[in-house]
Structure formats: C-alpha cells, structure tokens
Amino acid sequence: MTAPISLAADFPAPDRERWRALAEKALGKASWESLTAHIPGGVELAPLYTAEDAPAGRVIGRAGPWDIRQIVETADPRAANSDVRAELNGGASSIELCIAQGAGRGAHVHTAADLAYTLDGMMLDLAPVALDIGADASAARLLGAYAARSGVKDAPLAFNLDPFATLLDRKPLALAEAIGFAKEMRGGFSNATALRVDARPVHEAGGGEAQELAFLLAAGVALLRAGDDDGLAPKQAAETTLFTMAVGPDVIVETAKLRAARLVWARALQACGAAATMRLQAVTGRRMMTKADVWTNMLRVTAAAFAAGIGGANCVTTLPITDALGQPNAFTRRIARNTQILLQEEAHAAKVADPGAGSFAIEKLTDDIARAAWALFQEIEQRGGIARAMDWFAGEVAKTAAVRLAAARDKSAPIIGVSAYPPDNEKPFAAELWPKAPPSAVLAPIRLSAPFEAAP
C-alpha cells in the first residue's frame, strides 16, 4: 500500500502568532486593528480565521440546483406576457410577477382577464409562477382561480401574501386574514406556498445583516403564533411560507448571512417543537446598484448571485443592470438571466450542497451573524413583537444606514465606477424611467451611490 504524501512536510508548522508577527511587520506604521473590518450592524470580520475559531462542522443549505426566478414587472399585461415568454424561453425556470400597487412599478393585473393575458401559454406545473403583491390577497386569489381553471392544482406556485408589508406604511397588521388565506390555499394547492416573509426592505433601507435576520425571524415567529392561535400548526405555517432576502456584492458576508438565516429559523422552529425546511429566496439588492457606469453593476450582480447560490438559496432572482436607472430591455434582462445560467452550468456553483462548510471564515461569520440576529430578535420580542417594535427597529436600521452612507461619501467604502475609477466620457445608457411611487413611511430605501449621482 502506498504511503500517504504530506505536501506540507517541508514547511514549518503553521503558527498563528508567527503569522501575526509577519503581518505586523508588513503593516509598518499601520495598526493591527486596521486589519479588522467592522461590518455596519455590529459584526466584525477578522483578518485571519483558523480551526480554533470555527464551530463544529455542519452542512447548511440546499441540495441540487437553485430555481432561476426572474421578475417581470412590465405594466401592460400583453407586453408582460411577451417578457414572461422571453424569460422562460431564455432559461429562467420560474417567473415572479410583480403586481402594481397604486402608482408603483409592476404589471397592471387587476382582473381575471388581465392575468389570463399575462400568463397565456404558460404551463404552471413546469414553469411555476410566484407573485409580488405585498398584502393584497385579491391578486393571490386571481392566481388561485386561474390555476384551478387550468387544472394544475399541484403546481408549486408561490402566492407570496406578505402581511408584514403593511408595517412599512404604518397600517394595521392583518395576520388573522393572512393565516385564513394560508389555510384556504393549503387545502387547494398542495405544493404551493401561500405566505411570504420579506426582509428586503431592511436591506434596501441600509440595515445590517443581523438586522435583516432579526426582522425575518421576528416576522416568522409572529406568523407561527398567529397560525397556532387559528388552527395552523407551526410546521404547517413554516411549510407554506417563503422567506425572501436581498443579497449584496460581498460574497463572504452574504454567504454567511444566508447560512445564518437557516440556523436561526431552525432554532425558532425547534423551540416550537416543529421541524421544516426553510424555503429561501435571494434577490440581488438594489442599494448597491448605480445609475452611472451601469456596466459595473454586472460585477455587483454576479457577486451577489454567486453568494446567493453558494449560500444555499432555493431560488435566486437577479436584477437587470439598469434597475436603478429605469426599466429593463431585452438585452439587460438577458444579461441578468444568463448570469445565473453561467453560474450553474459553467461555474458549477450548484454542484456542492454547502460550499461554505469547512471554511473557517464563513463558519465563524455564520455563527457571529446568527448570534447577533438572535440577540436583536430577543430585544424585539421584549418590546412586544415586530408590530409594536417597528418604529424602534426602523430607528436602529437608520443608524446603520447612516454609517453606510458616511463611508460611501468619504470614500472609505469606494464605489467602483462612481466614487472610484469613474469612466471618462461615458455614454449614458438609455432606459425608460420607472413610474414614481411614494417611498415607505418607515423603512425608506437608499442607494449608496445616490450622493454622487445627485452632485452637479
């Protein structure tokens, strides 16, 4: 039998203190502390991680490829159908149809005829439809009726009724109605999810990773309580809920954040005496997107999508590079979609169940974010739950956002193509503007490049 080969036999045994001494020598006058990155929201990223730092090995995530779910928010239903077909023919595996709420962006689908125009030619059992409807149950019922007429009640639809969307406009939280809808859909659509817990508003308002997870957890637990009070067991409530998060361009941090989401949710279910697999959607964030030099958005979206994929999201949505500038065209939609296809088919990012497992940095950061999120979740609970604590929580998010914006303004967090290396004589990218809608009254979205774009 051949003896094993030790590739490190001719090198000295690694020693943490020796590494630090060499690093300090290289730093010169700079301090050792300057190597530690302080992530807004209270979590630190150390310069070195070893086996001493990492918790016990575990696999967290998804087995197999993720669902490539692309958003369609074209206003006219017939034009939206053309975009739906283009996304599916081009490689998307499901569609998220954004329904316009008032004057906001999205498809103007308000009747059964509108929905029939939009979904004409789709096979819902092969290419499922998800909705982005906020707390509007009427749009969800339109899809339910359409699916029933089409004879595909076993299709894996995502109705995505989000009762917590009302909190962003200081409107009453209608949890009982949401649970009633979930029970109604559960009886008719065995493979669908009825509800959504969406932490994207926290991310887009500038919140930190722990704050995003704390909101996700507090809202999820509120759903479990409401369901338990109305005859929907915790396991059933968990199984009919899709959790949605935004992802930014920092691959290590975002990968750890998604892994931490599964940890804290599993812990909450364990406390309820239930177990269910978390259904997790990751959408590339808007706060990182720029109006200037939109081509660099391609790099940001790719990094975010990679983090989403290896972080274990069940479905991933990539936004077009012109999202901050205006409405997408066929080219920018194709680039967004192909980003995911390349990650799966050429980079093979979905071949491993949890690529972060065993990485000392990712394992430790996962644990740090999960612990920070759990502590913040407990404080939300002490304040009476997410509905009562929302204004306080929004204030905490605003503090984190101020730190992010300050770092962007003083260029300690440079924005490539905007505050660092702006292109000379850039030809503006033409895009039709989005319809204007009033911002959230509680969690107002930010974009980190906005202060530079507003300058003369």
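Residues numbered from 1 in each chain as written. Predicted model: local features only at pLDDT ≥ 70, side-chain atom pairs only at ≥ 80, totals over all residues. Heavy atoms only, no water.

Enquirer: Tell me about the overall build of the chain, and please be specific about residues and values.
Expert: Looking only at helices and strands, the chain features 14 helices and 10 strands. Taking 23 Å as the expected radius of gyration for a compact globule of 456 residues, we find that the chain reaches 23 Å, a close match to that expectation. Each principal axis of the C-alpha atoms in the chain carries an extent, and together these give about 70 × 60 × 55 Å. Residue burial in the chain is summarised as follows: out of 456 residues, 50% are buried. Of the contacts formed within the chain by residues at least 6 apart in sequence, a portion of 78% connects residues at least 24 apart. (Helix = DSSP H or I, 4+ residues; strand = E, 2+ residues; numbered from the N terminus. Rg over C-alpha atoms; globule rule 2.2 N^0.38 Å. Buried < 20%, exposed > 50% of the residue type's maximum accessible area, 1.4 Å probe, protein only. Contact = heavy atoms within 4.5 Å.)

Enquirer: Break down the nonpolar core for me, with residues and values.
Expert: Among soluble globular proteins, nonpolar side chains are generally buried collectively. Judged by nonpolar contacts, the single largest core of 111 residues is most densely connected at Leu-157 and Phe-164. The dominant element in this core, judged by the number of residues it contributes, is helix α7 (residues 209-229), at 13 residues. If we skip the residues at most four places from it in the chain, Leu-157 touches Leu-124, Val-129, Leu-143, Ala-147, Phe-189, Asn-191, Ala-192 and Thr-193. (Core = buried A, V, L, I, M, F, W, Y, C linked by side-chain atoms within 4.5 Å.)

Enquirer: How would you summarise the packing of helix α12 (residues 360-382) against helix α13 (residues 386-409) if you had to cite specific residues and measurements?
Expert: Direction vectors running N to C along α12 and α13 enclose 115°, while the axes themselves pass 8 Å from each other. As far as their axial angle goes, α13 and α12 are roughly perpendicular. With respect to the hand of their crossing, α12 and α13 are arranged in right-handed fashion. In contact with Leu-376, Glu-379 and Ile-380 of α12, α13 contributes Ile-386, Ala-389, Trp-392 and Phe-393. Of the residues that constitute the contact of α12 with α13, the class distribution is six nonpolar, no polar and one charged. (Axes fitted to C-alpha atoms, helices over the stretch in contact; angles between N-to-C directions. Parallel < 35°, antiparallel > 145°, perpendicular 65-115°, else oblique. Left-handed = near helix turned anticlockwise from the far one by under 90°. Nonpolar A, V, L, I, M, F, W, Y, C, P; charged D, E, K, R; others polar.)

Enquirer: Give me the lowdown on the environment of Phe-164, citing residues and values where you can.
Expert: Among the secondary structure elements, Phe-164 is positioned in the loop between β6 (158-161) and α5 (175-188). Note: C-alpha distance between Phe-164 and Gly-220 (56 residues apart in sequence) is 9.9 Å. Contacts of Phe-164, omitting those with residues within four sequence positions, involve Leu-173, Leu-175, Val-197, Phe-215, Ala-219, Ala-222, Leu-223 and Ile-386.

Enquirer: Report on helix α9 (residues 251-271), specifying residues and quantitative values.
Expert: Under the 1.5 Å per step criterion, the end-to-end length of α9 is 31 Å for 21 residues, consistent within 8% with the ideal 30 Å. A positive backbone phi angle near 75° is found at Gly-273, which sits one or two residues after α9. (Expected span 1.5 Å × (residues − 1).)

Enquirer: An account of the pairing of strand β4 (residues 94-98) is needed here, citing residue identities and associated values.
Expert: The buried count for β4 comes to five of five residues, which makes it a mostly enclosed element. Every second residue of β4 is oriented toward a common face, with Ser-94, Glu-96 and Cys-98 on one face and Ile-95 and Leu-97 on the other, all of them buried. With four bridges connecting them, strand β3 (residues 67-72) and β4 associate as parallel partners. Bridge pairing in β4 links Gln-70 to Ile-95. Once the chain exits β3 it traverses helix α2 (residues 77-89) before rejoining the sheet at β4, and the crossover so formed is right-handed. Taken together, the four bridges between β4 and strand β5 (residues 129-132) define a ladder with parallel strand orientation. Of the residues in β5, the one forming a bridge with Ile-95 is Val-129. In the classification by handedness, the crossover that spans β4, the intervening helix α3 (residues 112-119) and the parallel β5 is right-handed. (Pairing = 2+ DSSP bridges. Right-handed = clockwise from strand over helix to strand, strands pointing away.)

Enquirer: I'd like to hear about the packing of helix α10 (residues 296-310) against helix α11 (residues 330-345), residue by residue, with values.
Expert: Interaxial distance between α10 and α11 falls to 10 Å at its minimum, and their mutual angle equals 40°. Classified by the angle between their axes, α10 and α11 sit oblique to one another. In terms of crossing hand, the pair formed by α10 and α11 is right-handed. Along the contact surface, α10 presents Met-298, Thr-302, Ala-305 and Phe-306, while α11 presents Ile-335, Thr-339 and Leu-343. Taken together, the residues of the contact of α10 with α11 break down into five nonpolar, two polar and no charged.

Enquirer: Residue-level account of the side chain of Gln-281, with values.
Expert: Mapped onto the elements of the fold, Gln-281 is located in strand β9 (residues 279-284). A distance of 3.0 Å separates polar atoms of two side chains, one belonging to Gln-281 and the other to Thr-244. Once residues lying within four places of it in the same chain are set aside, the contact partners of Gln-281 are Arg-69, Glu-96, Arg-196, Leu-242, Phe-243, Thr-244, Met-245, Cys-315 and Thr-317. (Polar contact = N/O pair within 3.5 Å; in protein donor to acceptor, adjacent residues only side chain to side chain.)

Enquirer: Pulling in residues and values, what's your account of the pairing of strand β7 (residues 193-198)?
Expert: Among the six residues in β7, six count as buried, and that is most of the element. Once you follow β6 into α5 and on to β7, the crossover reads as right-handed.

Enquirer: Talk me through the pattern of salt bridges; I want residue IDs and the actual numbers.
Expert: Tallied over the entire structure, the rule returns 31 salt bridges. The closest approach of N and O atoms between Glu-24 and Arg-20, which form a salt bridge, is 3.2 Å. One end of the pair is Glu-24 and the other is Arg-20, both in helix α1 (residues 16-27) and four residues apart, which spans about a single turn. Residue Glu-24 is classed as partly exposed on the basis of its relative accessible area of 35%. A salt bridge links Lys-257 to Glu-212, with the shortest nitrogen-to-oxygen separation between them at 2.8 Å. Taken together, the residues span a long stretch of sequence, with Lys-257 in helix α9 and Glu-212 in helix α7 at a distance of 45 residues. (Salt bridge = Lys/Arg side-chain N within 4 Å of Asp/Glu carboxyl O.)

Enquirer: A description of unusual backbone geometry should follow, citing residues and the corresponding values.
Expert: Positive phi outside glycine occurs at Arg-170, with the angle close to 55°. Examined against the element boundaries, Arg-170 turns out to sit in the loop between β6 and α5.

Enquirer: Any chance you could break down the side chain of Thr-193 for me, citing the residues and the numbers?
Expert: By the element assignment, Thr-193 lies in strand β7. The residues contacting Thr-193, other than those within four sequence positions of it, are Leu-157, Ala-158, Phe-159, Asn-160, Glu-239, Thr-240, Thr-241, Leu-242 and Arg-279.

Note that all results are geometric; they support no functional claim without further evidence.
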